[in-house]
Amino acid sequence: MTQASLVGSVASYALTIYLAGYLGTEKYGLYSYILAIAGFSTIIITYATDQTAPSLVSKGVSLQTIFNNVLSIRLLWFVLIMVILILWKWNEPVVLFGALIINLSSFNTSYYHEINRDNTKYAVIYLFERLLYVLIIVAVNLVSQVNIVTILLVYFFIVSLSLFVQFWRYRFYIRNYSISTPKNLWQGISSNLPLVIIAISTYAYGGLSRLIIEDKIGLSALGIFSSGMQLTVVATIFLAQIERVWRIPLFDSLEKRNGLLFYKTIKEWLIYSTLPISIGALFVYLFRGLIVDLLFGPEYEELKSLLPYISLFFITISLLSLVNNCWVGLNKYREFLIISVVFSLILLFVLYLLPSSITLNEYIIVILSVQVSLLAFSVVRIIRHLKILNV
């Protein structure tokens, strides 16, 4: 399952890097802008139901009820989000069309495959979805020029096909679907709200900040920034595999208040996660010119001066992942929520106040400064909790 998901992610990542160089800064900026809007609306539409659905099974809720509740919540938010997008982006049909198409992926059934202990089959579906998407884009590019509309149309075809296969597998639940009662809808919305807020606050750094950059200094600058940040996805993919290894020992050590196991796990996390990622960051810093020339081309010349700062995101991503898992292991969800929201609001407020004359370097320094501040504050608070627990 992990290998299939990893191959699918790598294929999509390679295509995104290729599109950045192929489309150029302005068009890739528009593409990134669509992804930023769709990414935010997807958080709202899915409404953390993929995270909470497995816990409902352990509480004895029937599979049909879970299916009804999740689909009802997603349909409700999908309609509301699309109404807002139509009113907001009516004069930008490509953006509106792109957001609509990408939001369709919110109706995937990954959560249902998980609660049915059928993750492997979903991983295979996801793998074929990603590979088919990449292959069609490459094939189209061989016979004609690929533009953003072409990319969106291909994505629409692939997502529609994938959803058809997924819903066909669970057609029994589709046939027996009924809209959840207002009481169940409200219960699901209210109970998932903290998780949604945390997701939005996390998205402020890589998603909402891009909307502000586009508004302040334009699509071309957004394209350059987004292409640079795509390099950090390598660290994210790597971390997704690493977390599975050390997350349970970390949680066990905190649950049992085992100081030796806790510090042993932290040490191994830093050695096998943060250290390799830091080496990767150093590689990006040293060979930034070659990386830009090979992956993106001359139109991205400005990116060479940004990569020394962007390379630092590799390290903060790794450390923030560790810190976030410590918060979860300590069961300090409320404090984690408050801290995440406060620092995200500070970031968005500062970015909003910045003048349009500011450079991309300065934008990145602001984002990094807030991330490092969040990291430092969280470490201080976690150390305090560890002392109280005598870990």
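Look a little higher up for the structure.
Residues numbered from 1 in each chain as written. Predicted model: local features only at pLDDT ≥ 70, side-chain atom pairs only at ≥ 80, totals over all residues. Heavy atoms only, no water.

With respect to the pattern of salt bridges
It is possible for side chains of opposite charge to pair when their charged atoms get near one another. In the structure shown here, the tally under the stated rule is 6 salt bridges. The partner of Asp293 in a salt bridge is Lys304, with the nearest N and O atoms 3.1 Å apart. With Asp293 in helix H13 (residues 288-295) and Lys304 in helix H14 (residues 303-329), this pair connects stretches of sequence that are 11 residues apart. A relative accessible area of 44% means that Asp293 is categorised as partly exposed. Here Glu301 and Lys304 are joined by a salt bridge, their closest N and O atoms 3.2 Å apart. What makes Glu301 partly exposed here is its relative accessible area of 44%. Overlapping salt bridges, with partners in common, bring together Asp293, Glu301 and Lys304 in one network. (Salt bridge = Lys/Arg side-chain N within 4 Å of Asp/Glu carboxyl O. Helix = DSSP H or I, 4+ residues; strand = E, 2+ residues; numbered from the N terminus. Buried < 20%, exposed > 50% of the residue type's maximum accessible area, 1.4 Å probe, protein only.)

Details of the packing of helix H10 (residues 219-230) against H14
Here H10 crosses H14 at 45 degrees, and the two axes come no closer than 9 Å. The angle between the axes of H10 and H14 places the two elements in the oblique class. Of the two possible hands of crossing, H10 and H14 adopt the one that is right-handed. Residue-level inspection shows Ile224, Ser227, Gly228 and Met229 of H10 in contact with H14, the latter providing Leu303, Leu306, Ile310 and Phe313. Among the residues forming the contact of H10 with H14, the class breakdown is 6 nonpolar, 2 polar and no charged. (Axes fitted to C-alpha atoms, helices over the stretch in contact; angles between N-to-C directions. Parallel < 35°, antiparallel > 145°, perpendicular 65-115°, else oblique. Left-handed = near helix turned anticlockwise from the far one by under 90°. Contact = heavy atoms within 4.5 Å. Nonpolar A, V, L, I, M, F, W, Y, C, P; charged D, E, K, R; others polar.)

What to know about the environment of Asn258
Residue placement: Asn258 occurs in the loop between helix H11 (233-255) and helix H12 (259-286). Along the sequence, Asn258 and Asn390 sit 132 residues apart, while their C-alpha atoms lie 8.9 Å from each other. A polar contact is formed between the side chain of Asn258 and the backbone nitrogen of Leu260, at a distance of 3.2 Å. (Polar contact = N/O pair within 3.5 Å; in protein donor to acceptor, adjacent residues only side chain to side chain.)

Comments concerning the side chain of Ser72
Residue position: Ser72 is located in helix H3 (residues 63-88). Leave out the neighbours within four places in its chain, and Ser72 touches Tyr177, Ser178, Ile179, Ser180 and Leu185.

Considerations on the packing of aromatic side chains
Inspection of every chain in the model, using the stated rule, returns 19 aromatic pairs. Ring centres 5.4 Å apart and planes at 15 degrees place the aromatic pair Tyr47 and Trp77 in the stacked group. In this pair, Tyr47 sits in the loop between helix H1 (2-46) and helix H2 (49-58) while Trp77 sits in helix H3, placing the two residues 30 residues apart along the sequence. Assessed through its relative accessible area of 3%, Tyr47 is described here as buried. What links up through ring pairs into an aromatic cluster is the set Phe67, Tyr111, Tyr112, Tyr170, Phe172, Tyr173 and Tyr177. A cation over an aromatic ring shows up here: Arg171 above the ring of Trp168, its NZ or CZ 4.2 Å from the ring centre. (Phe/Tyr/Trp six-rings, centres within 6.5 Å; stacked < 30°, edge-to-face > 60°. Lys NZ or Arg CZ within 6 Å of the ring centre and 35° of its normal.)

Brief notes about unusual backbone geometry
Within the chain, Tyr47 stands out as a residue other than glycine whose phi angle is a positive 50 degrees. One non-glycine residue, Ala48, lies in positive phi territory at about 60 degrees. In this fold, Ala48 is placed in the loop between H1 and H2.

Observations regarding the side chain of Thr316
Position of Thr316 among the secondary structure elements: in helix H14. By relative accessible area, which is 6% here, Thr316 ends up buried.

Quick notes on the packing of H13 against H14
At their nearest, the axes of H13 and H14 sit 9 Å apart, and the two run at 120 degrees to each other. Here H14 runs oblique to H13, going by the angle between their axes. Judged by the sense of rotation from one axis to the other, the crossing of H13 with H14 is right-handed. In this structure, H13 contributes Arg288, Gly289, Val292 and Asp293 to the contact, and H14 contributes Leu303, Lys304, Leu307 and Pro308. Grouping the amino acids of the contact of H13 with H14 by side-chain chemistry returns 4 nonpolar, 1 polar and 3 charged.

Details of the environment of Arg334
Checked against the element boundaries, Arg334 lands in helix H15 (residues 333-353). Sequence spacing of Arg334 and Glu255 is 79 residues, and the spatial spacing of their C-alpha atoms is 18 Å.

Overview of a nonpolar patch on the surface
On the surface, Leu282, Phe283, Tyr285, Leu286, Phe287, Leu290, Leu294 and Leu295 cluster together into a nonpolar patch covering about 810 Å² of accessible area. Broken down by secondary-structure element, the contributors of at least two residues to the nonpolar patch are H12 and H13. It is H12 that provides the largest number of residues to the nonpolar patch, a total of 4 residues. Assignment of secondary structure puts Leu295 in helix H13. A relative accessible area of 37% means that Leu295 is categorised as partly exposed. (Patch = residues over 30% accessible without salt bridge, like charges linked within 9 Å, V, L, I, M, F, W, Y side chains within 5 Å. Areas by Shrake-Rupley, 256 points an atom, 1.4 Å probe, with all protein chains shown as cover.)

Worth remembering: the numbers are spatial, not functional.
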